[in-house]
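Topology and contacts: notes
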Amino acid sequence: MTEQKMRGKILALVREYAEKYHAPKEGFTPGDRLPYAARVYDHEEIESLVESALEFWLTAGRYTEAFERGLAAYLGGKYCSLVNSGSSANLLAFMALTSPLLGERAVGRGDEVITVAAGFPTTVAPIIQYGAVPVFVDVSLPTYNVDASLLENALSEHTKAVMIAHTLGNPFDLAAVKAFCDAHNLWLIEDNCDALGSQYTLNGEARYTGTIGDIGTSSFYPPHHMTMGEGGAVYTNNALLHRIVRSLRDWGRDCICASGQDNLCGHRFDRQDGELPRGYDHKYVYSHFGYNLKATDLQAAVGVAQLKKLPSFVERRRHNFTRLRAAFAELEEFFVLPEATEHAVPSWFGFLLTCREGVERAKIVRFIEEHGIQTRMLFAGNLTKHPCFDEMRASGEGYRISGTLIQTDRIMDDTFWLGVYPGLTDEKIDYMAQMVKVAVHGH
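Residues numbered from 1 in each chain as written. Predicted model: local features only at pLDDT ≥ 70, side-chain atom pairs only at ≥ 80, totals over all residues. Heavy atoms only, no water.

1. Section: the overall build of the protein
Secondary structure summary: the protein contains 13 helices and 16 strands in total. Over its C-alpha atoms the protein spans a radius of gyration of 23 Å, differing by no more than 12% from the 22 Å that the globule rule assigns to 443 residues. Contacts in the protein between residues at least 24 apart in sequence constitute 74% of all its contacts with a sequence separation of at least 6. Split by element, the accessible area of the protein, about 19,900 Å² in all, is 52% carbon and sulfur. Seen as two clouds, the 43 positive and the 55 negative side-chain charges of the protein have centres 5 Å apart. (Helix = DSSP H or I, 4+ residues; strand = E, 2+ residues; numbered from the N terminus. Rg over C-alpha atoms; globule rule 2.2 N^0.38 Å. Contact = heavy atoms within 4.5 Å. Areas by Shrake-Rupley, 256 points an atom, 1.4 Å probe, with all protein chains shown as cover. Lys, Arg positive; Asp, Glu negative; His and termini not counted. Charge placed at Lys NZ, Arg CZ, Asp CG, Glu CD.)

Shown next, in the form of structure tokens:
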């Protein structure tokens, strides 16, 4: 039997196995556990994974290249780098801005980066870990995104960048934030980890979020819009930033050859780099203090299959959100209901509910969790109130709050969210809505 025939036989068995043992459970019984998010996949992902395993390349290879090309094409962007997590994507996106190749525009230690505290910590962690200073501004309801009117007051002579996430798939006011950054020559990083597939119309053109600023990031952790288990991506239309991201991702090396490739530049042994001997092997010349943050081809193989399903995933998320929004219209006296940012078409990650005065979040959450519906807070709520900030709060150094964080604190105290992921059927969505209503009305 030839290798090709044997591989075909193996993959046929894999498909048979996947269809028998990985098929989604049919039907729904009230009280069944409804997670806020979960993987949605079929035999294609498992076949792709096994085919990659049979090749046994393991590190970044042809599936990685295919995924990077595919995601860039989907987004309408130029460059994409696959990494091992969304957190690593945020780290690389920020670290790219510290590169000496950027000259005077490079972010230095002590420089300031405007962001928000109502979100996930890895949007902010790279700023602090490097030694720059996050400057926190408040958000506004019902979009749950940065209040762009507060940006000018947060600006100082040390401001170099803005790094903000699109909250739960709802784009922030990109027109205002981009105009602010352009006016003050600031970098803009879009943390797009919860918003893959969201669109924003700027100057009459509908574009995907993550491609309007200088750098965008994605996460492919299982709850996200698509998954490869662990994984993330950094994308940009700036060739220099792409070169820096690749260097930092791949140990900090100056060489751009892919794994297993030699002398793509044609000058492997005749360059003069730093104070090294002339002709030192360019594969071992380092222009940055970098990392190894690559994903494996096994992960990428899953991602290639998932990417084909992404448009349908996004559409189903929007459908589920719209169905919940209609069901909750009668509850506006109890909750602040989420609204899409003007000019935006969100790829929703979840459905946010903020309890109005007199409605106790803990009571509502406890009731619906007891009835099988998983909930989540809006991540950190107010990140500056967490133990990781204890030392900085005590010293009064390392971060700055511009104005107040009144709405951020309200989110911390009163907000939770429900899932809208593609695996939720209309029956499940309707049950979720019913249980929230019962929790509010008591019957």
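There is more to say, and it comes next.
2. Some points on the pattern of salt bridges
Pairs may arise between side chains of opposite charge once their charged atoms sit close together. Enumeration over the complete set of coordinates arrives at 29 salt bridges. Across the salt bridge formed by Asp-273 and Arg-271, the nearest N and O atoms sit 3.0 Å from each other. Assessed through its relative accessible area of 12%, Asp-273 is described here as buried. Linking Asp-426 and Arg-323 is a salt bridge whose minimum nitrogen-to-oxygen distance equals 3.5 Å. Of this pair, Asp-426 sits in helix H13 (residues 426–441) while Arg-323 sits in helix H9 (residues 297–327); the two residues are 103 residues apart in sequence, bridging distant segments of the chain. Judged by its relative accessible area of 26%, Asp-426 is partly exposed. In this structure, a network of salt bridges that share partners links the residues Glu-3, Arg-7, Glu-51, Glu-55 and Arg-62. (Salt bridge = Lys/Arg side-chain N within 4 Å of Asp/Glu carboxyl O. Buried < 20%, exposed > 50% of the residue type's maximum accessible area, 1.4 Å probe, protein only.)

3. Some points on the side chain of Asp-254
Topologically, Asp-254 is positioned in the loop between helix H8 (239–249) and H9. Within the structure, the side chain of Asp-254 is placed 3.2 Å from the side chain of Ser-287, a separation counted as a polar contact. Ignoring any residue separated from it by four or fewer positions in sequence, one finds Asp-254 in contact with Arg-243, Arg-271, Asp-273, His-282, Val-285, Tyr-286 and Ser-287. (Polar contact = N/O pair within 3.5 Å; in protein donor to acceptor, adjacent residues only side chain to side chain.)

4. What about the sheet that holds strand S13 (residues 344–345)?
Overall, antiparallel pairing links the three strands, which are arranged S9-S8-S13 in an open sheet. Each end of this open sheet is capped by a strand with a single partner; those strands are strand S9 (205–208) and S13. Relative to S13, strand S8 (residues 199–202) runs antiparallel, the two sharing two bridges. Counterpart to Gln-199 in the pairing with S13 is Val-345. (Pairing = 2+ DSSP bridges.)

5. What to know about unusual backbone geometry
With an omega of 15 degrees, the peptide bond running from Leu-141 to Pro-142 counts as cis. Checked against the element boundaries, Pro-142 lands in the loop between strand S4 (139–140) and strand S5 (145–146). In this structure, Leu-168 is a non-glycine residue whose phi angle is positive, near 50 degrees. With respect to the secondary-structure elements, Leu-168 resides in the loop between strand S6 (159–165) and helix H7 (174–183).

6. As for H8
Within the span of H8, buried status applies to Leu-241, His-242, Ile-244, Val-245, Ser-247, Leu-248 and Arg-249. Buried residues along H8 sit in contact with helix H3 (62–75), strand S1 (79–83), helix H4 (86–96), strand S7 (187–191), strand S10 (215–219) and strand S11 (232–236). Sitting at the amino-terminal end of H8 is Asn-238, which places a side-chain oxygen 2.9 Å from the backbone nitrogen of Leu-240. One or two positions beyond H8, positive phi appears at Trp-251, with a value near 70 degrees.

7. Description of the sheet that holds strand S12 (residues 335–336)
Pairing is antiparallel in the open sheet, where three strands are placed in the order S12-S14-S16. Bordering the open sheet on either side are S12 and strand S16 (415–419), each of which pairs with just one other strand. Pairing of S12 with strand S14 (residues 350–355), which is carried by two bridges, proceeds in the antiparallel orientation. Paired with Phe-335 across the two strands is Cys-355, which belongs to S14. Contacting S12, S14 and S16, helix H10 (residues 361–370) crosses the sheet at an angle of about 20 degrees to S16. (Axes fitted to C-alpha atoms, helices over the stretch in contact; angles between N-to-C directions.)

8. Some thoughts on H13
A rise of 1.5 Å per residue sets the reference length of H13, with its 16 residues, at 22 Å; its end C-alpha atoms lie 22 Å apart and thus fit the reference within 8%. Every buried residue of H13 is accounted for by Lys-428, Ile-429, Tyr-431, Met-432, Ala-433, Met-435, Val-436, Val-438, Ala-439 and Val-440. On its buried side, H13 packs onto H9, S12, S14, H10 and S16. Note on H13: the residue one or two positions beyond its end, Gly-442, has a positive phi of about 85 degrees. (Expected span 1.5 Å × (residues − 1).)

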